[in-house]
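Structural description and commentary
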Amino acid sequence: MGWLFGTPTMVSADKALPGRAAPAFPVPDRHRVLGTSLTGPWPGTEVIYLAMGCFWGAEKEMWQLPGVVATAVGYQGGHTPHPTYEEVCTGRTGHAETVMVVYDSTLTATDLLRRFWALHDPTQGFRQGNDVGTQYRSVVFTTTEAQRAAALATRTAFARELAAHGFGAVTTEIRPAAAAEFFYAEGYHQQYLDANPAGYCPVHATGLVCPAPS
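Residues numbered from 1 in each chain as written. Predicted model: local features only at pLDDT ≥ 70, side-chain atom pairs only at ≥ 80, totals over all residues. Heavy atoms only, no water.

Tallied over the full model, the rule gives 5 salt bridges. Here Glu87 makes a salt bridge to Arg20, at a shortest N to O gap of 2.8 Å. With Glu87 in helix α2 (residues 85–89) and Arg20 in the segment before β1 (46–52), the pair connects residues that are 67 residues apart, well separated along the chain. For Glu87, a relative accessible area of 16% corresponds to the buried category. Its salt-bridge partner being Arg137, residue Glu173 comes within 2.9 Å of it at the nearest N-O pair. A residue pair is termed long-range when its members are at least 10 positions apart, and Glu173 in strand β7 (residues 173–176) and Arg137 in the loop between β5 (131–132) and β6 (138–142) qualify at 36 residues. Looking at Arg137, the relative accessible area reads 2%, which means it is buried. Linked through salt bridges whose partners overlap, the residues forming this network are Arg137, Glu173 and Arg175. (Salt bridge = Lys/Arg side-chain N within 4 Å of Asp/Glu carboxyl O. Helix = DSSP H or I, 4+ residues; strand = E, 2+ residues; numbered from the N terminus. Buried < 20%, exposed > 50% of the residue type's maximum accessible area, 1.4 Å probe, protein only.)

Structure (structure tokens):
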């Protein structure tokens, strides 16, 4: 919990919580809004994982996009296997709050990522607004080479746009999902803002639109 005394810092693998060999809780079968499977399979689709701060509002933005087949929230990019929300919030698992996005061929990775950049401030490091901690960092976890190329190209395009408007450097990580297992969050987190329409939903967008990559 390094941010209690200053700037948040990533926990090292040897200092991370031990976790467990199996999930500590069940995951719902169906998406509350879309009615699709929450855990797959999803034939004819691609999956990408996006971290952009508090995952409640981020997931809602994603499930509303045409072409999105399913979404789920979870924890990714850390050291602790099968963490709980309480463990992630200590900063001692290394995970980011992440949205899994399953999409069909009517939505391109570039269009999806342009929306991702516009939904948050990717220059803030280990925070989004008043949400402070390593779990709120910005990350794109890719599952294909095409996604990685789109992530790099859109990051470059948005970095130029941000710089032109006085923002700092982009801190977003781009990592292969295969090397960063996604662990589903607890059932009450899934589609949280559908079950709790008046729930916490901060907006930390810069107000800028990501240009199409050149």
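Back to the write-up after that little detour.
Among the secondary structure elements, Gln191 is positioned in the loop between β8 (182–184) and α5 (192–195). Exposure remark for Gln191: the relative accessible area of 1% places this residue in the buried category. If near-sequence neighbours (up to four positions away) are discounted, Gln191 is found in contact with Arg30, His31, Arg32, Leu38, Glu59, Trp63, Thr71 and Ala72. (Contact = heavy atoms within 4.5 Å.)

Before going further, it helps to examine the packing of helix α3 (residues 109–118) against helix α4 (residues 145–164). Following both chains from N to C, one finds α3 and α4 inclined at 40 degrees, their axes separated by 9 Å at the closest point. Judged by the angle between their axes, α3 and α4 are oblique. Both α3 and α4 take part in a crossing whose hand is right-handed. Between α3 and α4, the contacting residues are Ala109, Thr110, Leu113, Arg114 and Trp117 on the first element and Gln147, Ala150, Ala151, Thr154, Arg155 and Phe158 on the second. Class assignment of the residues belonging to the contact of α3 with α4 gives a composition of 6 nonpolar, 3 polar and 2 charged. (Axes fitted to C-alpha atoms, helices over the stretch in contact; angles between N-to-C directions. Parallel < 35°, antiparallel > 145°, perpendicular 65-115°, else oblique. Left-handed = near helix turned anticlockwise from the far one by under 90°. Nonpolar A, V, L, I, M, F, W, Y, C, P; charged D, E, K, R; others polar.)

What follows deals with the nonpolar core. Core analysis: the largest hydrophobic core is formed by 35 residues, its most contacted members being Ile48, Leu50, Met62, Val101, Leu112, Leu113 and Val140. Apart from residues no more than four positions distant in its own chain, Val101 is found in contact with Glu46, Val47, Ile48, Leu50, Met62, Val68, Ala70 and Leu112. By size, the runner-up hydrophobic cluster in this structure holds 16 residues, among which are Leu38, Val102, Val139 and Phe141. (Core = buried A, V, L, I, M, F, W, Y, C linked by side-chain atoms within 4.5 Å.)

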